[in-house]
Amino acid sequence: MYAIENPLYDRYRLVFLSSSRRRVFAEKLGHRYLLPRLSVPRWTRAAEQVQKAIESNWGFRGIVLDFLGEEPGGEGVVIVELRDGVQMCALPALQSWAALSDIPRDELAGVERDAVETLLEDGQTGRGPFSRFGWIEYAQWWIGDEFGIDRQSLTSEIHQLNAGANHALVRFGRKAEPPLWFKAVVDPSDREFDITKSLASLVSEYLPRIVASREDWKAWCMEDAGRPLEESFGIDSCSRTVHRLAELQIASIDQAHSLLAIGCRDFRHTVLRARIPRMMELVQEAMGHQSSRFVPRFGASRLRRLSARLEEACVALAKLNIPDALMHGDISLDNILVGSQDCVFTDWAQASIGNPFVTFQRLYARIAQDLRAQSWLPRLVDTYRTSWQPILSEARINRALDLGQTAAAAVDLLNQCERLRQNPVHEFQTHSVLRAMARELDRALDALELNQSRCA
């Protein structure tokens, strides 16, 4: 079954289907047909894990079409389209191809069963453009047509990183050429497509080159831009990244209002300051839901003090008059691609406008987690400082760097408050995160005050 009981893993039932046969792959136990199971490490790319596992465990090559059911948490369902003319015979004794009607209702029921049945009958579930047979071949044809390449130049390598009815991230291999990347986010509440296209036209040299896009899928195809910074980690690549980040932020200053208009979130210090009262209300509510006694709750007086200290920090930021610029909301090392000449930044789903030093603080913190970087962290700060010196005085830069950790913690708290407002369904989990972020903000303010007292 390839499934394990572990709270750090998500369990899935696998539905292997072929567009040419109305059959489902199953494992026979007595007189019952059971869907195969698979456990995937939580917080990894589930589609990538599933695609690799089905080839290594069952010898099938497939395309993940959809995820159904509760995830993470309960046992979800993954629908996989099998490729390369999978044979319907010569299977081991305990494995078989069965009709959907042979699969017991306690294995597959409700909307999950309905989706599989609709897919077998109509070729699509109706849940989204990527929950249908053959979409991956159509995407390859579209890319070849738009990019002007021979379909035969694409290899059999189709590496899925993310998959679902309404979103996709796929790498297509090419013969004697770097691969192409296809990404799509159909969800109307997600502005990544619009933001990415706008950034590609405004600051194109800092993003992978887009070679094709289509509005109906909210999809774009990009040229490969190099290896993730995590894989090419070193003093040169990190220094180059810090310099390029500053360049990008400075280039975006004149575009801030345009980027707000197309969907970048507003985390400017004026907005942050105005929302302090509501943020503290939500933190107080979250503290009221705390059940653990290992960490003391923040009481009303502690929260009033936190609010006042944050207000003072916002005033200090305002006095610096740092220009608002582009902020990357998920500046992980995987979202920085390092090529032979330069590096570019990807995954702009959480792009926002605000204090640019917040993004540097986040990047610095991620790099600092690697022990190899400890000796050259000061060089990264100097590189970032030098990059801003043409438009800011050294004193303002140094003060902004001092306030960076506090500003980043405050923005993170505001962001989480916005998520709770937009999606109260996951209130319990969000309350836990809010409490943690409030404590992180409190520690950042402590560190700021300690640094100020040392410099006084």
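Remember, it's a predicted structure, so these values are computed and weren't measured experimentally. (Residues numbered from 1 in each chain as written. Predicted model: local features only at pLDDT ≥ 70, side-chain atom pairs only at ≥ 80, totals over all residues. Heavy atoms only, no water.)

## Regarding the overall build of the protein chain
Logical step 1: Looking only at helices and strands, the protein chain features 13 helices and 18 strands.
Logical step 2: In terms of C-alpha radius of gyration, the protein chain reaches 25 Å, essentially the compact-globule figure of 23 Å for 456 residues.
Logical step 3: In the protein chain, which comprises 456 residues, the proportion classed as buried is 50%.
Logical step 4: When contacts within the protein chain are restricted to residue pairs at least 6 apart in sequence, long-range pairs at least 24 apart make up 69% of them.
Logical step 5: As presented, the protein chain carries roughly 21,700 Å² of accessible surface, and 48% of it is formed by carbon and sulfur atoms.
Logical step 6: Between the averaged position of the 55 positive side-chain charges in the protein chain and that of its 60 negative side-chain charges there is a distance of 4 Å. (Helix = DSSP H or I, 4+ residues; strand = E, 2+ residues; numbered from the N terminus. Rg over C-alpha atoms; globule rule 2.2 N^0.38 Å. Buried < 20%, exposed > 50% of the residue type's maximum accessible area, 1.4 Å probe, protein only. Contact = heavy atoms within 4.5 Å. Areas by Shrake-Rupley, 256 points an atom, 1.4 Å probe, with all protein chains shown as cover. Lys, Arg positive; Asp, Glu negative; His and termini not counted. Charge placed at Lys NZ, Arg CZ, Asp CG, Glu CD.)

## Re the nonpolar core
Logical step 1: L326, W348, F357, I367 and Y384 are the most contacted members of the largest nonpolar core, which has 78 residues in total.
Logical step 2: In terms of residues, this core owes the most to one element, helix α12 (residues 394–422), which gives 13 residues.
Logical step 3: Not counting chain neighbours up to four residues away, the residues in contact with F357 comprise I322, Y384, W388, L392, I397, A400 and L401.
Logical step 4: Counting 41 residues, the second largest nonpolar core, distinct from the first, contains I149, F172, F182 and A184. (Core = buried A, V, L, I, M, F, W, Y, C linked by side-chain atoms within 4.5 Å.)

## So, helix α8 (residues 276–288)
Logical step 1: When the terminal C-alpha atoms of α8 are compared, their 18 Å separation across 13 residues agrees well with the 18 Å that a helix rising 1.5 Å per residue should span.
Logical step 2: All buried positions along α8 are accounted for by I276, M279, M280, L282, V283, A286 and M287. Each buried residue of α8 sits inside an arc of 160° when the element is viewed along its axis, so together they form one side. (Expected span 1.5 Å × (residues − 1). Arc of directions from axis to C-beta.)

## Re the sheet that holds strand β16 (residues 336–338)
Logical step 1: With antiparallel pairing, the three strands of this open sheet are ordered in space as β13-β16-β17. For this open sheet the edge positions go to β13 (227–228) and β17 (343–345), each flanked by a neighbour on one side alone.
Logical step 2: Sheet analysis places β13 next to β16, joined by two bridges and oriented antiparallel. Looking at β16, one finds that P228 is bridged to L337.
Logical step 3: Against the sheet, helix α5 (residues 235–252) makes contact with β16 and β17, and its axis sits at roughly 55° relative to β17, the strand it touches most. (Pairing = 2+ DSSP bridges. Axes fitted to C-alpha atoms, helices over the stretch in contact; angles between N-to-C directions.)

## Thoughts on the environment of G62
Logical step 1: Secondary-structure assignment places G62 in strand β5 (residues 62–68).
Logical step 2: C-alpha of G62 to C-alpha of R419: the two residues are 357 residues apart in sequence and 34 Å apart in space.
Logical step 3: If near-sequence neighbours (up to four positions away) are discounted, G62 is found in contact with Q51, I54, V80, E81, L82, R83 and Q160.

## Thoughts on the packing of aromatic side chains
Any two aromatic rings considered together are summarised by their centre-to-centre distance and by the angle between their planes.
Logical step 1: One pass over the full model with this rule turns up 23 aromatic pairs.
Logical step 2: Ring-pair connections join several aromatic residues into one group, and the members of that group are F130, W135, Y138, W141, W142, F182 and W217.
Logical step 3: R302 extends its terminal NZ or CZ atom over the ring of F298, reaching a point 4.2 Å from the ring centre.
Logical step 4: Seen from the ring of F298, R439 lies directly overhead, with NZ or CZ sitting 5.5 Å from the centre. (Phe/Tyr/Trp six-rings, centres within 6.5 Å; stacked < 30°, edge-to-face > 60°. Lys NZ or Arg CZ within 6 Å of the ring centre and 35° of its normal.)

## Things to note about the pairing of β5
Logical step 1: The element β5 is largely enclosed, with a buried count of seven among its seven residues.
Logical step 2: Here β5 runs beside strand β6 (residues 76–82); their pairing, made up of six bridges, is antiparallel. Looking at β6, one finds that F67 is bridged to V78.

## What to know about unusual backbone geometry
Logical step 1: One non-glycine residue, K218, adopts positive backbone phi at about 50°.
Logical step 2: Mapped onto the secondary structure, K218 falls in the loop between β11 (210–214) and β12 (219–223).

## Notes on the sheet that holds strand β14 (residues 265–267)
Logical step 1: Strand order in the open sheet formed by three strands is β14-β18-β15, and the pairing between neighbours is mixed. Either end of the sheet is taken by a strand with one partner, and the two such strands are β14 and β15 (325–327). On average, each strand axis in the sheet is inclined to that of its neighbour by 35°, with strand direction left out of account.
Logical step 2: By the bridge criterion, three bridges tie β15 to strand β18 (residues 352–354) in an arrangement that is antiparallel. Opposite M327, over in β18, you have S352 as the bridge partner.

## A look at the pattern of salt bridges
Logical step 1: Inspection of every chain in the model, using the stated rule, returns 32 salt bridges.
Logical step 2: Salt-bridge contacts for D66 lead to R127; the nearest nitrogen and oxygen are separated by 2.6 Å. Taken as a pair, D66 in strand β5 and R127 in the loop between α2 (110–122) and α3 (135–147) lie far apart in primary sequence, 61 residues in all.
Logical step 3: Measuring nitrogen to oxygen at the nearest pair gives 3.0 Å for the salt bridge that ties R443 to E440. Within this pair, R443 and its partner E440 are both found in helix α13 (residues 427–455), separated by three residues, close to a single helical turn.
Logical step 4: Residues participating in the shared-partner salt-bridge network are R11, R13, R37, E75, E107 and E112. (Salt bridge = Lys/Arg side-chain N within 4 Å of Asp/Glu carboxyl O.)

## Examining a negative patch on the surface
Logical step 1: On the surface, D114, E117, E121 and D122 cluster together into a patch of negative charge.
Logical step 2: Look at E117 and you get partly exposed, because its relative accessible area is 36%. (Patch = residues over 30% accessible without salt bridge, like charges linked within 9 Å, V, L, I, M, F, W, Y side chains within 5 Å.)

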